[in-house]
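Chain and residue survey
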Amino acid sequence: RSHAPRSVVPPRRSCSAPASGHPPSAIVLSLPDWNMLDRTRLLSALLFLPIVACVVASPATALADDVADEADLQFQIGAGRYRDGDYQGALEHFLASNRLVPNRNVSFNIGRSYEQLKQYPAAFRYYSQALENEKDKETRGRVEAALEKIKPNVAVLRIVTDPPGATIYIDRRDLGPRGESPRSLGLAPGKYRVRVELPNYEPAESVEIEAPLAGETLVSLKLEPKLEGSSGNLVVGADERGALIEVDGRPRAFTPAIVSLGAGPHKIKISLRGFRAVEQAVEIRPNQETKLDLVLTQAEEVNAASRATETVEEAPSSVSIVRAEELRGMSYPTVAEALRGVRGVYVSDDRSYATVGFRGLARLGDYGNRVLVLLDGQPTNDNWIGSSYVGADARTDMEDIERIEVVRGPGSVLYGTNAFSGVINLVTRGVEAKTSGEVGVGVSEYGAGRGRARVNLRLGDDAKFWMSVAAARSAGRDFYFPEFASAPGGGNVRDLDGFKSATVNGRLTFKSFTAMWLVNSRNKFVPSAEFDTIVGDARLQQVDTRGMVELRFEPKISERVQWLSRVHANLYGFRGQYPRTAQEGGLERDTFDGSWFGIEQRVVYAAGSNLRLTLGGEAQFHQLVHQTAGDENGGFLDDDRPYQVQAGYLLADVPLSSAVRVSAGTRVDHYSTFGSSNNPRLALILRPYEAGNLKLMAGKAFRAPSIYELFYNDGGSTQRASPDLSPESIYSGEIEFSHRFSPTVSGVVAGYGNLVRGLIVGRGGSTADPLLYYANSEAPVGTVGAEVELRREWRQGWMVGASYSTQHSRYLAGASVADFFGGDGNPRFRHVPNAPEHLVSVRGAVPILARALLASTRVSVEGPRFDRHDAIVDSSPQGQTDPAFLWDVVLSGEEQRWGLRYSLGVYNAFDSRYRSPVSNEFRQKTIVQNGRTFLATANVVF
């Protein structure tokens, strides 16, 4: 390896007594900033202690010499690291040396280090610096050879200006200058804009230039002299860096920036993704500065409410967004954890599946089939029970998720079945500006170890690809069930709550074409002895596997017409083992295999600036719907019931004025299993004043009876089929008002009412009717509720939000009074199960050391919930859980130089032993939820 020596530095003084009679100068030493301290600097400091001692004993004239000594020390450490093959460490010390005493030879070594790290554009830049003003012929030859060697790995822009000496900027001025013209720049292949500036000249900017790999592109720009008195400067500042500044419709710079403009009026537009664009007129005075300081207002976007990108204020539904900053700051391990504390949402876990409830509706044993979970708009619920997946059965970790959209209320007008009480859309993050890789590890949920890897490929502006793989394993927790105190083990269940999971997720985009895929599998060991199984038997397991592929084509037909065609293929597999005694049949095995594919066509027509009409249709073909069950005595279920679904929908968003908009639509679904269901939605959105937004909404949704509810039976032992079920329906009305107190602070108040008819409930299991079955209840369920939320949005790491939700659900008299009232005229039902009347949440984040350390916290308070014994004729009294108080706190941060992101935290810090009610598949009435759990994660992007 060749190391060019440093240039000659002044001789170092010894540590002998000062040459003159003057006393040594006082030296003040200060600690470095903690957020800049790393192990290499600590090592350097230790190695530098003898020199510090020498400096303290030396005269003031030695200070400049000691800077050179420190630079030489940093260089020598870097050279040693380079010889050992630690190119990253060598780079750090070479850079430190060059900052102290800039030197062409050190620049050459920095270039060599970057080349070894395969960071070729950076290597090209430092080799070019090493070549500047180099007179030695041999040295110039060595540097030029190094430049030629890496040219095949970079795109070279040769920039010349008339006159020369102009400062060069690439794409964004705030990213800093790239030197002076003429200059050759080595960049990653792609498209760039070159901007040059020179005092007393008007800035010049190129058109967008394609820079190919291994090619050299000439960029020649001419600067025009400024006319005295004909221009001035616009100084633009904003509370967010990187916002695009457009002047008279032309992009000019990014905030913060100083833009030279001709004297006179101009229209300025400031825009940044995720924020509302700001337009303002300015008057530029000759030879003067005009200042423009702005505070940008966040404009959170949602896709799930209308199947079109719109702001939360415009969406015809009640919407909340869990942003990327919160997902990363709190290091949520699952979707369920990320949703706990969202307004009106609560979570249950029976140790088989985690489920989510909306506004008091989460029937015990429904496996979340009244909530639709989407992945980038594609439904992920299965086709057996219609279950939604929000735990490790959904995905192994949350690192691929950019944000979570939570849409409260009926959503069947867009998505059909399962969008009954709410819709959750998981939006994946895309590929950033460059190709990269990621690896990560973590631990959470009672020692659940997780590992992941991801690759991001940028294949040009029109093509991007990413794919990730992740795996996790957990031993789970131990339980004591007093209901099994007389069983072997005395009700103690240990080492039987673990799980194993794996996920493969990815996306490919090429122009108007998108391909997305997901495969997730989870094997869960169940400790609860549900389904009357043997407590403490390790054979009680459930395996869920969900896979899908979606192909989407969205060409741009015209400015007014948008076109979407998509096809998707899906699979779902279930394998369950249920150990019983030999007299009861021994080990029971249940299986389900489902596969289906679908097509959808959608056309969006924008008839005016705001009018939008959406017409679409889709069809699903469930060709494999096969459920089996059997034990050691033989099989007792082998049923395959293929079915089809066809649907058509029409939506209209009509602006009646600048302050009034109407959104209306309907969808008709036809099932081969039961018939048709029509589900409309109507919303009136008003803006009574600039900072206010009022929504009046009404709608209907349905849930089709699942294949399990329709046809599952165990051969006449305990359960029979229920083929005559009809879909259940919910009717909802809501009013929501939001007010923005400032660009960062907003508040929301909402009131709503729901009516559920034809609720599918379990019946039987009595002396008169011993077999269990499902039926449509004629006793409706009514709910009224209110919510309030106050939130300070994320800015520079700061965020605080608080919400309170209250609801009351009860059974009502139905069409058949006998279904609700007994023969004595008294109600047959008690309280609606699993419907907490009060939910409180407080969330916040505070930056401690800029990006290096962020403190995030969440406090959740849940009111009591009633258990499943809601029928008066039930011999067991209806119980109620205790309230729950949970406090979570996480410290997180990132080190940008290394691409490292990390977190360390604790959930349920006070170890609250709260409980949730469970369905009649369990002997227990309630099951304790997670106590105190610790988490730690580390992810590296390279």
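Preceding this section is the structure that the text describes.
Note that this is a predicted model, so its numbers are computed, not measured.

In this section: empty space enclosed by the protein. A complete count under the given rule lists 17 cavities of 30 Å³ or more for this structure. Taken as a whole, the largest cavity spans an internal volume of roughly 560 Å³. The set of elements that each furnish at least two residues to the lining of the largest cavity consists of α9 (335-339), β19 (345-349), β31 (513-525), β49 (884-895) and β53 (933-941). Grouping the amino acids of the lining of the largest cavity by side-chain chemistry returns 13 nonpolar, 12 polar and 10 charged. In this structure, the second largest cavity spans a volume of roughly 470 Å³.

The strand order across the open sheet built from three strands is β12-β9-β15, with neighbouring strands paired in mixed fashion. Edge positions in the open sheet fall to β12 (257-262) and β15 (289-294), since each of these has one partner strand only. Neighbour to neighbour, the strand axes of the sheet diverge by 25 degrees on average, direction disregarded. Here strand β9 (residues 231-238) runs beside β15; their pairing, made up of six bridges, is parallel. Residue Leu234 lies in a different strand from β15, and its bridge partner there is Thr290.

Before going further, it helps to examine the packing of helix α4 (residues 87-100) against helix α5 (residues 104-116). Two elements in contact, α4 and α5, have axes whose closest approach is 9 Å; the angle formed by their N-to-C orientations is 155 degrees. Taken together, the axis directions place α4 and α5 in an arrangement best described as roughly antiparallel. The interaxial crossing formed by α4 with α5 has left-handed handedness. On α5, the residues that touch Tyr87, Ala90, Leu91, Phe94, Leu95, Ser97 and Asn98 of α4 are Val106, Ser107, Asn109, Ile110, Ser113, Tyr114 and Gln116.

A separate point is helix α7 (residues 137-150). Between its first and last C-alpha atoms α7 spans 20 Å; for 14 residues at 1.5 Å apiece the expected length is 20 Å, and the two agree. Residues Thr139, Val143, Ala146, Leu147 and Ile150 constitute the buried set of α7. Buried residues of α7 fall within an arc of 100 degrees about the axis and therefore sit on the same side. The outward face of α7, more than 90 degrees from its buried face, is lined by the exposed residues Lys137, Glu138, Glu148 and Lys149.

Time to look at the side chain of Glu921. Here Glu921 is to be found in the loop between β51 (915-917) and β52 (926-928). Buried and unpaired, Glu921 has no salt bridge, with Arg868 as the nearest side chain of opposite charge at 7.5 Å. Setting aside chain neighbours within four positions, we find Glu921 in contact with Gly365, Tyr367, Glu530, Phe531 and Asp532.

Before going further, it helps to spend a moment on unusual backbone geometry. Along the chain, Asp162 connects to Pro163 via a cis peptide bond; the corresponding omega equals 0 degrees. Within the element layout of this structure, Pro163 appears in the loop between β1 (155-162) and β2 (167-170). Following Thr255, the chain continues to Pro256 via a peptide bond in cis, the omega torsion being -10 degrees. When you line up the elements, Pro256 lands in the loop between β11 (250-254) and β12.

Moving on, we come to the sheet that holds strand β23 (residues 401-408). The mixed open sheet is built from five strands, whose spatial order is β18-β23-β24-β21-β22. Two strands close off the open sheet at either side, each with one partner strand: β18 (318-322) and β22 (378-379). As defined by bridge partners, strand β21 (residues 371-375) adjoins strand β24 (residues 422-428) across five bridges and the pair is classed as parallel. If you follow Val373 over to β24, its bridge partner there is Ile424.

This part takes up a nonpolar patch on the surface. A cluster of nonpolar side chains, namely Phe510, Phe513, Val549, Leu551, Phe553, Ile557, Trp563, Val567 and Ile599, defines an oily patch on the protein surface of about 760 Å² accessible area. For the nonpolar patch, the secondary structure elements donating two or more residues are β32 (541-553) and β33 (561-579). At three residues, β32 tops the list of elements feeding residues into the nonpolar patch. Of note, Val567 is situated in strand β33.

Below, the discussion takes up the packing of aromatic side chains. This model, assessed by the stated rule, comprises 25 aromatic pairs. Judged by centre distance (5.8 Å) and plane angle (25 degrees), the ring pair of Tyr114 and Tyr126 falls under stacked. Here Tyr126 lies in helix α6 (residues 120-131) and Tyr114 lies in helix α5, a separation of 12 residues in the sequence. Its relative accessible area of 12% is what places Tyr114 among the buried residues. With a centroid separation of 5.3 Å and 70 degrees between ring planes, the pair formed by Phe531 and Tyr578 is classed as edge-to-face. Taken together, the residues span a long stretch of sequence, with Phe531 in the loop between β31 and β32 and Tyr578 in strand β33 at a distance of 47 residues. What makes Tyr578 buried here is its relative accessible area of 5%. Through pairs of rings, three or more aromatic residues link up here, namely Tyr353, Tyr367, Trp384, Tyr389, Tyr572, Phe574, Phe592, Tyr708, Tyr712 and Tyr774. The residue whose ring lies beneath Arg359 is Tyr752, and the NZ or CZ to ring-centre distance is 4.1 Å. If you follow Arg454 out to its NZ or CZ, it ends over the ring of Trp466, 4.1 Å from the centre.

Take Asn383: it is sitting in the loop between β22 and β23. Given the relative accessible area of 5%, Asn383 is considered buried. Here His622 takes part through its side chain, which lies 3.2 Å from a polar atom of the side chain of Asn383. Beyond its immediate chain neighbours, meaning those up to four positions away, Asn383 contacts Tyr572, Phe592, Gly594, Ser595, Trp596, His622, Leu624, Val625, Tyr643 and Ile707.

As a further point, take the pairing of β24. Here β24 lies mainly inside the structure; seven of its seven residues are buried. Of the two faces of β24, the one lined by Gly422, Ile424, Leu426 and Thr428 and the one lined by Val423, Asn425 and Val427 are each fully buried.

Sheet topology places strand β25 (residues 436-444) next to strand β26 (residues 448-458); nine bridges connect them, and they run antiparallel. What sits directly across from Val439, in β26, is Ala453. Here β25 folds back onto β26 in antiparallel fashion, the turn holding three residues, of which Glu445 has a positive phi close to 50 degrees. Pairing of β26 with strand β27 (residues 463-474), which is carried by 10 bridges, proceeds in the antiparallel orientation.

Rules used throughout
- For every chain, the first residue of the written sequence is number 1, and numbering continues from 1 onward in sequence order.
- For a predicted model such as this one, the threshold for reporting local features is a pLDDT of at least 70, and the threshold for listing and counting side-chain atom pairs is 80 or more; totals across whole chains, interfaces and linings nevertheless cover every residue.
- In computing side-chain values, all of the structure's heavy atoms are included and hydrogens and water are not.
- Cavities and pockets are defined on a 1 Å grid built over the protein atoms alone: a cavity is a set of grid points where a 1.4 Å probe fits but cannot escape, while a pocket is an open set with protein on both sides within 12 Å along at least five of seven lines, and lining residues are those with an atom within 4 Å of any such point.
- Grid points are joined across faces, edges and corners, and a volume is the space filled by probe spheres set on the points.
- Every helix listed is a DSSP run of H or I at least four residues long, and every strand listed is a run of E at least two residues long, numbered separately from the N terminus.
- Asp, Glu, Lys and Arg are counted as charged, while Ala, Val, Leu, Ile, Met, Phe, Trp, Tyr, Cys and Pro are counted as nonpolar; the rest, among them Gly, fall into the polar class.
- At least two bridges found by DSSP between two strands is the condition for calling them paired.
- To obtain each axis, a line is fitted to C-alpha atoms, and for helices this fit is confined to the stretch in contact; angles are then taken between N-to-C directions over 0 to 180 degrees.
- Roughly parallel means an angle under 35 degrees; roughly antiparallel, over 145; roughly perpendicular, 65 to 115; everything else is oblique.
- Throughout, a crossing is termed right-handed when the near helix is turned clockwise from the far one, and left-handed when it is turned anticlockwise from it by less than a right angle.
- Contacts were defined at the residue level, with two residues in contact if any of their heavy atoms lie within 4.5 Å.
- One fewer than the residue count of a helix, multiplied by 1.5 Å, yields its expected span.
- Note on classification: 1.4 Å probe, protein chains only; a residue is buried when its accessible area is under 20% of the maximum for its type, exposed when over 50%, partly exposed between these limits.
- Relevant arc is that of directions from the helix axis to the C-beta atoms, nothing else.
- Charged-residue counts in this description rest on Lys and Arg as positive and Asp and Glu as negative, His and the chain ends being excluded.
- Each salt bridge in this description consists of a side-chain nitrogen of Lys or Arg and a carboxyl oxygen of Asp or Glu lying within 4 Å of one another.
- Only residues above 30% relative accessible area that lack a salt bridge enter a patch, with like-charged residues linked at up to 9 Å and the nonpolar side chains Val, Leu, Ile, Met, Phe, Trp and Tyr linked at up to 5 Å.
- Values of accessible area rely on a 1.4 Å probe in the Shrake-Rupley scheme; residue burial ignores everything except the protein chains shown.
- A pair of aromatic rings is counted whenever rings of Phe, Tyr or Trp (Trp by its six-membered ring) have centres within 6.5 Å, and the orientation is called stacked for planes under 30 degrees apart, edge-to-face for over 60 and tilted otherwise.
- Geometrically, a lysine NZ or arginine CZ counts as sitting over a ring once it is within 6 Å of the ring centre and also within 35 degrees of the ring normal.
- What qualifies as a polar contact is a pair of N or O atoms within 3.5 Å, subject to a donor-acceptor requirement within protein and to the restriction that residues adjacent in sequence count only when both atoms come from side chains.

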